[in-house]
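# Summary of structural features
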Amino acid sequence: MAFAIGPQLLDGCVLAVLSHGDAYGYVLTQRVKTRLEISESTLYPVLRRLQRDGLLRVYDRPYQGRNRRYYAITPVGRTQLERRREEWRQFRDGVEELLKEEEDDGQTDLLS
């Protein structure tokens, strides 16, 4: 099942992956793809925006005669990640509350 992924959620997911260690674009995409349906063409604009906003820093490292571009979360990015996590918890809890069914004499109680 696919749900639309808004930019705030995608930002949070990218920051969460990078909070575990620096990664270059392909590896980062693969890690995010383990949980979300996303393409590299979607991810790179997100990375550029996060970099522009000071949430990521970028550096290059040589690999087999070429440079790989690595992404690292900044202290500002870590602060933003914590905000996104809290926003996600509130959103998730609200949706779960709306979707849960409470049986009351065989009827679903949506007004509790």
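For the structure itself, consult the block above.
In this report, the structure presented in the accompanying data block is examined. (Residues numbered from 1 in each chain as written. Predicted model: local features only at pLDDT ≥ 70, side-chain atom pairs only at ≥ 80, totals over all residues. Heavy atoms only, no water.)

## Some points on the packing of aromatic side chains
Threshold: Any two of the Phe, Tyr and Trp rings considered here, Trp counted by its six-membered ring, make a pair once their centres fall within 6.5 Å; the pair's planes then place it as stacked at under 30 degrees, edge-to-face at over 60, or tilted in between. The numbering of helices and of strands both runs from the N terminus, where a helix is a DSSP run of H or I of at least 4 residues and a strand a run of E of at least 2. Relative accessibility decides the category of a residue: with a 1.4 Å probe and only protein chains considered, values under 20% of the type maximum give buried, values over 50% give exposed, and everything between is partly exposed. When the NZ atom of lysine or the CZ atom of arginine is within 6 Å of a ring's centre and also within 35 degrees of its normal, the charge is said to sit over that ring.
This structure, assessed with the given rule, holds three aromatic pairs. Ring centres of tyrosine 59 and tyrosine 70 lie 5.5 Å apart, and the angle between their planes is 10°; on these two criteria the pair is classed as stacked. Of the two residues, tyrosine 59 sits in strand E2 (residues 56–63) while tyrosine 70 sits in strand E3 (residues 66–73), which places them eleven residues apart along the sequence. For the residue pair tyrosine 59 and tyrosine 70, the accessibility class agrees, reading buried in each case. An aromatic cluster of at least three residues, connected via ring pairs, comprises Tyr24, Tyr59 and Tyr70. Between the NZ or CZ atom of arginine 61 and the centre of the ring of tyrosine 70, over which it lies, the distance is 5.9 Å. Here the basic side chain of arginine 68 rests over the ring of tyrosine 63, its NZ or CZ set 3.5 Å away from the ring centre.

## Quick look at the sheet that holds E2
Keep this limit in mind: DSSP calls a pair of strands paired once it identifies at least 2 bridges connecting them. Whether two residues are in contact is decided by their heavy atoms, any of which lying within 4.5 Å being enough. Note on geometry: axes are C-alpha line fits, over the in-contact stretch for helices, and angles between N-to-C directions span 0 to 180 degrees.
The sheet built from three strands is open, its strands ordered E1-E3-E2 with antiparallel pairing. The outermost strands of the open sheet, each flanked by one partner alone, are strand E1 (23–24) and E2. The sheet contact formed by E1 and E3 spans two bridges and is antiparallel. Across the sheet, tyrosine 24 pairs through a bridge with tyrosine 70, a residue of E3. Against the sheet, helix H3 (residues 40–52) touches E2 and E3, its axis set at about 120° to E2.

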